[in-house]
Amino acid sequence: MQKSVDLNADMGEGFGPWPMGADEALLQVISSANIACGFHAGDPDVMANVMAQAVEAKVGIGAHPGFPDLQGFGRRRMSLSAESAGNLVRYQLGAAQGMARAAGGTVRHLKLHGALANMAAEDKALATACYQAALSVDPDIIIMVLTGTAQQDAAQELNARLACEIFADRAYNDDCTLVDRSLPGAVIHDADRAAPRILEMLKAGAIISESGRHIPSRIDTICLHGDTPEAVEIARALRRDLTAARLAIAPFSGERAG
């Protein structure tokens, strides 16, 4: 089993006076933060606040771009041209870079959100358009990908720096994609189930799907969705169990595939 792993969480997803997620508490547990860029969630004030908290906590900062869909939280699919998808990513990455710099930090990685991420996991051309756009802004940015999917294939073909991700709180299909949220058991809420499950995957070096299939996978980082009510409880249980298994929690290095 590997010696270290990163813990990441999606955050900065409140809007105006409406908070979402326990960002401050999560930042004391994780090592990387994926911060919403104002399209699926977040706003300039929320971004500035969470960026400052991440810098203070010495947590790696990532841009978390999604579809322009505040009402649907970026989880509704949209049809965009490759050019528009790329510009969508450039625009949000630029906003994240500005906010991070003002807070005394830098954006070191990028992770697609919601429906955009799920579509890119199935469609290499879409993933390529999004990642080429990010690399056109910052050639050294680390691309966080859903391991074993078209996202990873696209990033590897672009010779990008990579962080391969699995989810602590989501169930998997046999093709490494996530079980649709509308289906029973798709979201895992029980910390006592989530932590041992992730340890089993790390020991196996594989994603373990709902059917029990083992899919050998590179695992650099483990995600917890910040909007899940049990996110902090799961994060703490996971960090405790990983530490007990002599796994260090540390930001990913972003090594290229080959």
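Residues numbered from 1 in each chain as written. Predicted model: local features only at pLDDT ≥ 70, side-chain atom pairs only at ≥ 80, totals over all residues. Heavy atoms only, no water.

1. As for the packing of aromatic side chains
Alright, step 1. A full pass over the atoms with the stated rule returns one aromatic pair.
Alright, step 2. Note on Phe 39 and Tyr 91: the rings are 5.4 Å apart at their centroids and 50 degrees apart in plane angle, and the pair reads as tilted. Here the residue Phe 39 occupies a position in the loop between β2 (32-36) and α2 (44-57), and Tyr 91 occupies one in helix α3 (residues 82-102), the gap between them amounting to 52 residues.
Alright, step 3. Residue Tyr 91 is classed as exposed on the basis of its relative accessible area, which comes to 58%. (Phe/Tyr/Trp six-rings, centres within 6.5 Å; stacked < 30°, edge-to-face > 60°. Helix = DSSP H or I, 4+ residues; strand = E, 2+ residues; numbered from the N terminus. Buried < 20%, exposed > 50% of the residue type's maximum accessible area, 1.4 Å probe, protein only.)

2. Some remarks on the pattern of salt bridges
Alright, step 1. For the structure shown, the criterion picks out eight salt bridges.
Alright, step 2. Here Lys 111 ties to Asp 10 by a salt bridge, and the two come within 3.0 Å at their closest N and O atoms. In this pair, Lys 111 is assigned in the loop between β4 (107-110) and α4 (114-122) and Asp 10 in strand β1 (residues 4-11), connecting sequence segments 101 residues apart.
Alright, step 3. The exposure class assigned to Asp 10 is buried, which follows from its relative accessible area of 3%.
Alright, step 4. In the salt-bridge network here, residues are joined through shared partners; they are Asp 10, Lys 111 and Glu 165. (Salt bridge = Lys/Arg side-chain N within 4 Å of Asp/Glu carboxyl O.)

3. Focus on the packing of α2 against α3
Alright, step 1. Between α2 and α3, the least distance of the axes is 9 Å, while the angle of their chain directions is 50 degrees. Between α2 and α3, the angle is such that the two are oblique. As for how α2 packs across α3, the hand of that crossing is right-handed. Taken together, the residues of α3 that come into contact with α2 (itself represented by Pro 44, Met 47, Ala 48 and Met 51) are Ala 95, Ala 96, Met 99 and Ala 100. (Axes fitted to C-alpha atoms, helices over the stretch in contact; angles between N-to-C directions. Parallel < 35°, antiparallel > 145°, perpendicular 65-115°, else oblique. Left-handed = near helix turned anticlockwise from the far one by under 90°. Contact = heavy atoms within 4.5 Å.)

4. A short note on unusual backbone geometry
Alright, step 1. A positive phi angle, near 55 degrees, is found at Asn 159, a position not held by glycine.
Alright, step 2. Tracing the sequence through the fold places Asn 159 in the loop between α6 (150-157) and β6 (161-167).
Alright, step 3. Given the relative accessible area of 48%, Asn 159 is considered partly exposed.
Alright, step 4. Notably, Cys 176 is not glycine yet its phi reads approximately 75 degrees, a positive angle.
Alright, step 5. With respect to the helices and strands, Cys 176 occurs in the loop between β6 and α7 (191-204).

5. Details of the side chain of His 40
Alright, step 1. Secondary-structure assignment places His 40 in the loop between β2 and α2.
Alright, step 2. What makes His 40 buried here is its relative accessible area of 1%.
Alright, step 3. In this structure the side chain of His 40 is engaged in a polar contact, spanning 3.2 Å, whose partner is the side chain of Glu 13.
Alright, step 4. Setting aside chain neighbours within four positions, we find His 40 in contact with Glu 13, His 64, Gly 66, Phe 67, Asp 69, Leu 70, Phe 73, Gly 74 and His 113. (Polar contact = N/O pair within 3.5 Å; in protein donor to acceptor, adjacent residues only side chain to side chain.)

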